[in-house]
Amino acid sequence: MVRLITHNMLACHVKNCTKDNFPLAFSDVELVIRPAPENLEFINRFLPKLDWKALVDTARSLGDTTLPETMPESMTEDQLRALHHVLMEMHVEEGNMTCRGCGHVYPISNGIPNMLLAEHEVGR
Amino acid sequence: MSRPEEISPPEIFYGDTEAHKYTANTRIKSIQSQMTQRALELLALPEDETAFVLDIGCGSGLSGELLDEEGHVWVGCDIAPSMLEVALEREVEGDLFLQDIGQGFGFRPGTFDGAISISVIQWLLNADSNTHSPPQRLARFFTTLHSCLRNPSRAVFQFYPSSDDQVQMITTAAQRAGFGGGLVVDYPNSKKARKMYLCLMVGQQEVPKALDGEEMDLDEENSYGLEKRREEIRNERRRRKDSSASGKKGKKGKKDINAKEWIMKKKDLYRARGKEGVPTDSKYTARKRKVYF
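Residues numbered from 1 in each chain as written. Chains lettered and ligands numbered in written order. Predicted model: local features only at pLDDT ≥ 70, side-chain atom pairs only at ≥ 80, totals over all residues. Heavy atoms only, no water.

> How should the pattern of salt bridges be read in this particular structure?
Between side chains of opposite charge, a pair can form when the charged atoms approach closely. Residue and element names in this part refer to chain B. Tallied over the full model, the rule gives 20 salt bridges over all chains. Salt-bridge contacts for Arg-137 lead to Asp-100; the nearest nitrogen and oxygen are separated by 3.1 Å. Within this pair, whereas Arg-137 is found in helix 6 (residues 134-148), its partner Asp-100 is found in the loop between strand 3 (95-98) and strand 4 (112-118), the two being separated by 37 residues in sequence. On the accessibility criterion, Asp-100 (7% relative accessible area) is buried. In this structure, Arg-271 engages Asp-268 in a salt bridge whose closest nitrogen and oxygen atoms are separated by 3.5 Å. Of this pair, Arg-271 and Asp-268 both sit in helix 10 (residues 259-273), three residues apart, which is roughly one turn of that helix. A relative accessible area of 45% means that Asp-268 is categorised as partly exposed. Put simply, Lys-267, Asp-268, Arg-271 and Asp-281 are held in one network by salt bridges that share partners. (Salt bridge = Lys/Arg side-chain N within 4 Å of Asp/Glu carboxyl O. Helix = DSSP H or I, 4+ residues; strand = E, 2+ residues; numbered from the N terminus. Buried < 20%, exposed > 50% of the residue type's maximum accessible area, 1.4 Å probe, protein only.)

Okay, here's the thing in structure tokens:
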């Protein structure tokens with residue numbers, strides 16, 4: 001159930017992990033496509049929040065190459081649709097998310113990522 | 001009534017049986033949805049717009065369902081795996097996370113348009129292991145939440161405090177993290193319907209009004225924590241003013257009354273009360289004794 005819209009917002013929250021903690025890298029991924037009702041206006045409003053480069057890199061690592069390398073100045077409807085597909089319809093069901101900074105692995109099982117930290121990793 | 005917080009940690013209390021019971025119980029369901037509705041009202045998201053909302057302690061997604069109906073995109077997190085499993089079975093739309101909110105969130109700054117939480121944050125006040133320190137966990141929770149909310153936005157928490165100290169602890173932790181806002185107490189005079197909402201704000205906003213049940217002016221009750229604090233401040237100001245007015249004499253109220261006046265006043269008071277054996281007044285009353293040495 002991890003959609004890329006959420007993944008694009010998620011950074012590592014281990015103590016003192018402030019460098020390279022975003023985006024988390026996917027591995028051993030089991031991908032499921034679930035159609036979702038289109039809401040292009042929401043996507044359009046969400047654009048400024050997105051980290052485009054991280055999104056495109058992640059989408060490519062998951063085998064989706066519909067997005068352009070750089071963020072277009074103004075989105076056409078087709079581009080918004082492609083973006084909707086990537087953000088809202090691609091669900092990662094199984095796999096791991098690894099922080100490139102500290103190497104912490106967040107396992108995803110049954111669509112639920114385990115974000116629990118060990119006690120020594122909790123920030124103060 | 002027993003409080004689940006006092007029985008066991010949340011991830012254990014909401015095990016498989018309790019999680020199913022919780023979700024199947026129609027009474028809990030209706031109360032939960034009422035509270036969610038009210039929380040959404042307090043959240044005051046812009047109408048007819050899809051928002052990105054965080055549901056803290058989403059459990060089996062009872063409140064998430066309402067968010068779905070409103071058309072919002074949401075992310076939920078909970079510490080009880082069994083509850084999340086039930087949420088999966090119910091096929092809610094939001095993304096679910098297994099997360100301990102006392103460990104903080106890892107979301108990027110400005111991610112969410114709002115956050116709601118129904119009957120959750122009182123759990124943060126428990127220390128379930130020897131490494132847990134409630135103030136620290138509260139601080140971590142509120143600071144990370146503050147940073148992942150958009151400016152301006154709101155976070156609404158419905159919670160069941162067991163004492164005023166708990167309320168105090170939670171509100172001060174939230175204020176330290178930079179939140180504005182305060183408590184909204186719905187139906188303050190009813191034992192059953194009384195509900196507490198902590199309405200926190202990022203950026204400058206006004207605290208919403210509470211529901212009274214009857215049309216009475218219970219304004220003081222509305223934000224009673226805030227009001228109490230305000231009164232304390234008022235009292236302290238008055239005290240300070242008094243002490244500065246009386247100058248260096250120290251104690252207030254005794255500045256322009258001499259010994260004789262004071263004694264006469266006391267005698268009058270005793271007589272008025274009907275005390276026996278109050279000495280009669282004479283020219284010797286309150287006169288200073290001769291110094292013999």
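Having put the structure on the table, let's press on.
> Looking at this model, I keep getting lost on the packing of helix 3 (residues 52-61) of chain A against helix 4 (residues 77-89) of chain A. Mind explaining?
Residue and element names in this part refer to chain A. The geometry of helix 3 relative to helix 4 is characterised by a closest axis approach of 12 Å and an angle of 75 degrees between their N-to-C directions. As the angle between them shows, helix 3 and helix 4 are arranged roughly perpendicular. Taken together, the residues of helix 4 that come into contact with helix 3 (itself represented by Trp-52, Leu-55 and Ala-59) are Leu-83, Val-86 and Leu-87. Taken together, the residues of the contact of helix 3 with helix 4 sort by class into six nonpolar, no polar and no charged. (Axes fitted to C-alpha atoms, helices over the stretch in contact; angles between N-to-C directions. Parallel < 35°, antiparallel > 145°, perpendicular 65-115°, else oblique. Contact = heavy atoms within 4.5 Å. Nonpolar A, V, L, I, M, F, W, Y, C, P; charged D, E, K, R; others polar.)

> Explain a nonpolar patch on the surface to me, please; I cannot follow it from the model alone.
Taken together, the side chains of Val-29, Leu-31 and Ile-33 of chain A present a nonpolar region at the surface, about 210 Å² in accessible area. Along the chain, Val-29 of chain A turns up in strand 2 (residues 25-33). (Patch = residues over 30% accessible without salt bridge, like charges linked within 9 Å, V, L, I, M, F, W, Y side chains within 5 Å. Areas by Shrake-Rupley, 256 points an atom, 1.4 Å probe, with all protein chains shown as cover.)

> What am I meant to see in the UniProt feature "domain: Methyltransferase type" (unreviewed entry) in chain B here?
Here the UniProt-annotated "domain: Methyltransferase type" (unreviewed entry) positions come out as residues 54-129 of chain B. Taken end to end, residues 54-129 of chain B is 24% helix and 26% strand, and its two terminal C-alpha atoms sit 27 Å from one another. (UniProt positions renumbered as here; feature names shortened; annotations may be inferred.)

> Can you help me understand the sheet that holds strand 2 (residues 73-78) of chain B in this one?
The pairing of strands in a sheet happens through backbone hydrogen bonds and is either parallel or antiparallel. Residue and element names in this part refer to chain B. The seven strands lie next to each other as 3-2-1-4-5-7-6, forming an open sheet whose pairing is mixed. With partners counted over all chains shown, the strands left at the sheet margins are strand 3 and strand 6 (180-186), one partner each. Strand after strand, the sheet turns through a mean of 15 degrees between neighbouring axes, direction not considered. When strand 1 (residues 52-56) meets strand 2, the two strands line up parallel, connected through five bridges. Across the sheet, Leu-54 pairs through a bridge with Val-75, a residue of strand 2. On the sheet, helix 3 (residues 26-43) packs against strand 4, strand 5 (149-159), strand 6 and strand 7 (195-202) and is oriented at approximately 150 degrees with respect to strand 4. Across the sheet, helix 5 (residues 81-89) touches strand 2 and strand 3, and the angle it forms with strand 3 is around 165 degrees. (Pairing = 2+ DSSP bridges.)

> What is the right way to look at the interface of chain A and chain B in this model?
Frequently, the measure chosen for interface size is the accessible area that the parts lose on association. Across the contact, 32 residues belong to chain A and 34 residues belong to chain B. The junction of chain A with chain B conceals about 2900 Å² of combined surface from both sides, 57% of it contributed by carbon and sulfur atoms. One can count three salt bridges joining chain A with chain B. Viewed at the interface, chain B and chain A are joined by 15 residue pairs in polar contact (both at pLDDT 80 or more). Of all the elements in the fold, those that place two or more residues in the side of chain A that touches chain B are strand 1 (2-3), helix 1 (4-7), helix 2 (40-46) and strand 5 (112-113) of chain A. (Buried area = accessible area lost by both parts, 1.4 Å probe. Polar contact = N/O pair within 3.5 Å; in protein donor to acceptor, adjacent residues only side chain to side chain.)

> Which parts of the structure should I look at to understand helix 3 of chain A?
All names here are of chain A. For helix 3, the set of buried residues is Trp-52, Ala-54, Leu-55, Val-56, Thr-58 and Ala-59. Contacts made by the buried residues of helix 3 are with helix 1, strand 2 and helix 4. Gly-63 sits one or two residues past helix 3 and shows a positive phi near 90 degrees.

> For this particular structure, what's the right way to read empty space enclosed by the protein?
Which parts of space are left empty comes out when a probe the size of a water molecule is rolled across the atoms. For the coordinates displayed, the defined rule picks out one cavity of 30 Å³ or more. In this structure, the largest cavity spans a volume of roughly 60 Å³. Along the walls of the largest cavity sit Glu-119, Val-122 and Arg-124 of chain A together with Gly-102, Gln-103, Thr-131, His-132, Ser-133, Gln-136 and Arg-137 of chain B, which together make up its complete lining. (1 Å grid on protein atoms, 1.4 Å probe; cavity = no way out; pocket = protein on both sides within 12 Å on 5 of 7 lines; lining within 4 Å. Points joined across faces, edges and corners; volume = space filled by probe spheres on them.)

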